[in-house]
Structures are given as structure tokens and as C-alpha cells.
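# Residue-level structural notes
Each chain, letter by letter, is given below.
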Amino acid sequence: MRRWGFFALVLAYTIFAQRGQARATYKIGYSSFPPYFIVQSDGSPTGFSVEVLKEAARRSGIRLAWTRYQSSPDVALSKGDIDIFPMLAILPERAHLVDYSSPWWENSLVLVSLRSRPVRTAEDTVGKKISLIHASFGLQRMMKLFPKALPQPSTDYRVVVASVCQGDSDAAIMETRLANSLQFLNECRNQDLTMAWFPELNLTYGVGVRKGLKFLADRLHEEIVGMALDGTMTRLGEPWGVVVTNQRKLTQQLEAARARDQWWKGGILASLVIVFVLAYATVRMRKAKEMAQRAANFRAKFLANVSHEIRTPLHGLIGMTELLASTPLSPEQRDYVEAIEGAGKLLLSQINDLLDYSKLEAGKMELESIPFSPRILIQEVKRLYEATASKKGLTLLASSEVSEYVLGDPTRLRQVLNNLLSNAIKFTEQGEVQLTCLRIQGRSRAWLRFSVKDTGIGIEPAVRERIFQAFTQADGSTTRRYGGTGLGLAICRELVALMGGEIGVESQLGQGSEFWFTIPLVPARKETAGSCQNDEAESKQETAVLVADDHPVNQRLLAAQLKQLGCTAVIARNGAQAVELVRKQRFDLVLMDGSMPELDGFDATRQIRSLSSAVRDVPIIGVTASGYPEDIRKALAAGMNDVLQKPFDLSQLREVVTRWTTSKT
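Our subject in this report is the structure included herewith. Bear in mind the structure is a predicted one, so any value in this text is a computation, not a measurement.

## Notes on helix 14 (residues 374-391)
For helix 14, with 18 residues, the first-to-last C-alpha span of 27 Å sits near the 26 Å given by 1.5 Å per residue. The sharpest bend along helix 14 reaches about 45 degrees and sits at Y385. Buried residues in helix 14 make contact with strand 14 (370-372), strand 15 (395-400), strand 16 (406-408), helix 15 (410-426), strand 17 (432-441) and strand 18 (446-454). Count one or two residues on from helix 14 and you reach G393, which has phi positive near 75 degrees.

Next comes the structure, spelled out in C-alpha cells:
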């Protein structure tokens, strides 16, 4: 009994001691670090993290006394100058000095530089001046990543911003949120900037407390989580331009994907960047109309830059894998190559889904209206999936009762059919998948009805109501077993709506599903496609192609692909070299990258079109990683004849080369 009495006394003491501590007033530190900490004219603090901690303390009944500190936050905590710091970066070297709560915020840091003098890789930083906010991650981390750089630390982020925009430093490391807002700052208003991501710079933040007060950090963190769930954090972030997203959940999901595919780490990182960009792009800011429009325009430009930066190396990866697959390989090597190629195409599909959804949401998706045959389209889609269905032992059927040509966008229609057919095969283990196209008569006009029917796992009634929503799948096990972004059906719904149609699903659990959609039927005259083959008897001279691209891997890839097509390739590393080479020798075709140093592909095209008549009419094909309609229009307006979007395969390159060299002859 004495022993139990002793334990009861200890427990009571602990409880009452903590209650007494909770009723005490704690010194919470702040400094100047906009938009998280802002020192007002009277010296009092405000800012995003200040307001978040004020609300968390109010909810938990913890009394705070805001105290401005002079040293670094971990030193101030370890010395007892302050008891709490709202937003402290979780670094291993701080673990012996302070205690943390679980992370409640996450920041992605980027390397920002002038596009005219880009600093994008660790090699680019050798001997370069790199400015940074010292308190954001510390010199030790920067020097480990960029050991030969010249650091220029500062405690004022405006000094960091001004240094890179005014040319005092070669680059600056800062949070993505700050980098995305640079165009609104006077120092950078007329500057063209570029960003590079380094995963080693990403930081998570928790509530930092001095040793022995971890229970306070945990209580505040619990309230912050509740504020994130009920929308309070979103409301508190809006006045400071801070976009609140569920970053921790997204990170955990992507880490699980990385565990499944360790060998494809680079692809997972790219997916992380795209998911973060999409999450940022889809948050709706409650601001004035003018600010919202400026933000929307900047967001579109940012997405275009991200698309280019990811698609360019992905084009090299997929293209080189395709070339490798055409060489003699052992069965084991071929298995490895096919695995790499499949992973690359899967990543490309996910990136396309994310960017297409962003374009649809922003209203930037445009449809073509050209003649095509539904019957031919159905057969083309079927052929694409015959091998996949055969491997699973499935019967794949396709039919169309519509044989005449109609007007529409066959590319986007094929995208919808590919998505539905891919899902049907994925979720069907035995039986058959059937793709059909029918003509149906409405009250005022005729319609095309496309249907994909399978004998797969089926869908529960409760799930069918939300299956076309973004980021939605049947349940968590679906994602774990089959993968996917959860965007495919949402994109299908938006594309069908753009075509003026309707989409739906009929399904019974365990007995299969039928996805269908209808679009208006607009008759068109049949157009005869030109031949894609050169007449060898008429053209004995080897086709000469100028490749203008600053990326070494893409240079090698295009040269090898053109060699397979029987062409000779001459390489230009920038637009200025391309113009000079066109002046000096004859080319049958020019493949022109849009983004290059010294002189970009658009200005180079304009200069070529201003040359003498003997060379200025050479066909120029823009090679771009951007799929935005305005970028394609920009290429055509500059004088390019056509646009080839990365990543592309050998058959697509062959079709473009044949079309323009044949039309020239």
C-alpha cells in the first residue's frame, strides 16, 4: 500500500506541476523574417507564424509574452532568453539544444538566378556568390551541397532578394513562396529569373521549446493541426500571401511511392515537385480582382517553366532508352531496359495528368476542330493496348458503326479513350474489355456515344458518385495496389465537357463496369492524308538537318535518331550558332529548341527568316517541352513551321521529318 501511495503522490505532483506550468506566462521569441515574422513600427510582432501561434495559445489556454531576441533562435532557447519559438527548422545539429513538436510546416527551398546567367546545378555554383538567409538553414548545409561556392549570408531576406536581382550575387537560396513573389518586388520587377530545386534544401518546421517544455510544444502542435483541418490556417495565411496546403500528407504519400520504386528516385522527386506545384496552383486566393489576375498569369508562367525543366531531361531519358532497346541486348538487359522505359512513360503520364488538370482548371485548354474517322481512331486505340491485354489473358474487342469523317479534336478524344481503356484493363483480371462507338439520335441533333465495358472488379455505389472528382480513387487499397494520381477520370470529365458532351459510369461490384460518354456529331468531308514516305528514286541526296539545342543529352539523342532515319545531323549549341550555320550551308530542315542561351530559338528563327531568299525558307520545327497553346502560337508567330513536343519517340520524329522534307521537295 505504501508503494501505491508513493506512485499516486508522484502522479498527482506531475499533473499539478504541469497544470501550474501551463498557467504560467511563457516568453515566445520573434524576429524579422517576412512573411512569417514581421516587426511593426511599434516593435510588436505580426506575420503568419505569429498569428498561428497566438490562435493556438488562445485555444489551449497558454499565456504568451512576445519577446524579441537578438541571437539565433536555438541559442536563445538554450540560454533561456525565450521559452518557445513558433517555427523552428528541424535540424539534427539542434537536437541537443532544444526540443521540438512534430512538424507543422514544410518549405521547399530553391536556387534563384538570372535567366541570362543561370545557376541550375551544383557544378554551376563553383566560384559563384550565393546569397542566403542565414537563419533559414545555416551555412553548414549550404557548404555541404555547394562546397566551392562563395556564401553571402544575411538575416534580411530583402538583402538576399536585391543581391541576385541587382547582380551583386550570382544566385540566392530562398523559400519557394518568396521566390514565387519576386515579380511583385521593386528590385526584381523587370528581371527574368529562373529557379532550380534541390531536395537537400527542403526543410520541415516544428514548434521549438527549451529543454523540459516539450509538453508545451506538443499542446500547441495539437491545436495547430486542428486549425489546419477547420480552415483557420488558410484564413490566417491569406493576408500574408501564404498558401496553406496539406504538404505533410502529400510528402508521406510520395515517400510511400519512393519505397516501392527505390531505383526511380529521380522520377519520384519530379512527381513531388509537380504535386506541390499543382497543389499551389489550385488554391484559390480571396484577393482583389487585379491581384488574382496577376497571380493567375504568374502561375501559368511558372507551370510552363516547370513543364520545360522536367520534360527536357525526361525526353532524353525515354529517347535514350528507346535507342538502347534497338541495340543487341541479352534477355536480362532487355528486361532492365523495358523496366526503365515503362517507369519513364508512367512518370510522363502522371506529369501529363497533373499539367493537363492544371490547364483545364485555369481555362487554358483549347480544342482543335479537324476531320477524323471514329472507326480509325477506335482501331488505333485498340492496337495500342492489344499487347497489354494479351499479357493479362484478356480479350480486347473494338467496333464502330460510325464510318464517315466527323469534326472534332481526335487528340483529346484519344486521350479520354486511352484513359478509360487503360483503367478497364488495369482493373480486369479475367474476361474481356470492349470498346464501342455508336450513333445515337437526340432531340435536336445526332451524337456519338463511346463506351468502354469490362468484366473487372466493379465499383461500389457510394464511390460512383465521386469517381470523377480530382485525386479520387475507389479506396486506399486501390492506390496501393494499382497506383495512379487519381486525376485521370477528372481530366476525362473536363475534356468531355469542353467537347460539349457528358460522361458517366454504370457498374456492379464484382461484375464489371461500363464507362461511357457522348459528344455532338458534326459531319465533315474526308481529307486524304499525304504520304509520309520520301520517294527514294527522286531523292538520292541524304537529308541534312540542323539541330539547335543546348542540352548535351538531347543533342546526342536527336543525332542518333536522325541517323536511324537516314539523315545527317549538324549540332548548334545556341541560337546564334544556328543562324550562322544556316548562313554558311544548306539544310533541308532545322529542329529548333525554344529555350537556349545567348539567343533563344524564337529570335533565332526571326533572324533566319530575315536572311536572303536562298536560305530563309528552310522548314523550321520548334522543339519544345511546353504544351501550352500560347507557347505553340508564339513559336508559329516567330516563323516556325511546326512544333514537336517533348518527349517524342522515333516514329513521331520520322513523321515530322518526312512531312516537311517531302513537302519541300
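## As for the nonpolar core
Grouped together as the largest cluster of nonpolar side chains are 70 residues, with contacts concentrated most on F48, W104, W105, L111 and I173. Counting residues in each nonpolar core, the second largest holds 42 residues, with A389, V416, L435 and I491 among its members.

## A few points about the pairing of strand 13 (residues 203-210)
In terms of burial, strand 13 is largely enclosed, as seven of its eight residues are buried. Direction of pairing for strand 5 (residues 84-89) relative to strand 13: antiparallel, over a ladder of four bridges. Across the sheet, A89 pairs through a bridge with Y205, a residue of strand 13. Note: strand 7 (residues 105-107) against strand 13, three bridges, orientation antiparallel. In the sheet register, E106 faces strand 13, and the bridge partner there is T204.

## Focus on the packing of aromatic side chains
Throughout the structure, instances matching the rule amount to nine aromatic pairs. Here F48 and W104 contribute two aromatic rings whose centre-to-centre distance is 6.3 Å and whose plane-to-plane angle is 40 degrees, an arrangement assigned as tilted. Here W104 lies in the loop between strand 6 (98-100) and strand 7 and F48 lies in helix 2 (residues 48-60), a separation of 56 residues in the sequence. What links up through ring pairs into an aromatic cluster is the set Y36, F48, W104 and W105. Taking the ring centre of F602 as reference, the NZ or CZ of K634 above it sits at 4.4 Å.

Thresholds applied
Residues numbered from 1 in each chain as written. Predicted model: local features only at pLDDT ≥ 70, side-chain atom pairs only at ≥ 80, totals over all residues. Heavy atoms only, no water. Helix = DSSP H or I, 4+ residues; strand = E, 2+ residues; numbered from the N terminus. Expected span 1.5 Å × (residues − 1). Bend = angle between axes of the 7 residues up to and from the residue. Contact = heavy atoms within 4.5 Å. Core = buried A, V, L, I, M, F, W, Y, C linked by side-chain atoms within 4.5 Å. Buried < 20%, exposed > 50% of the residue type's maximum accessible area, 1.4 Å probe, protein only. Pairing = 2+ DSSP bridges. Phe/Tyr/Trp six-rings, centres within 6.5 Å; stacked < 30°, edge-to-face > 60°. Lys NZ or Arg CZ within 6 Å of the ring centre and 35° of its normal.

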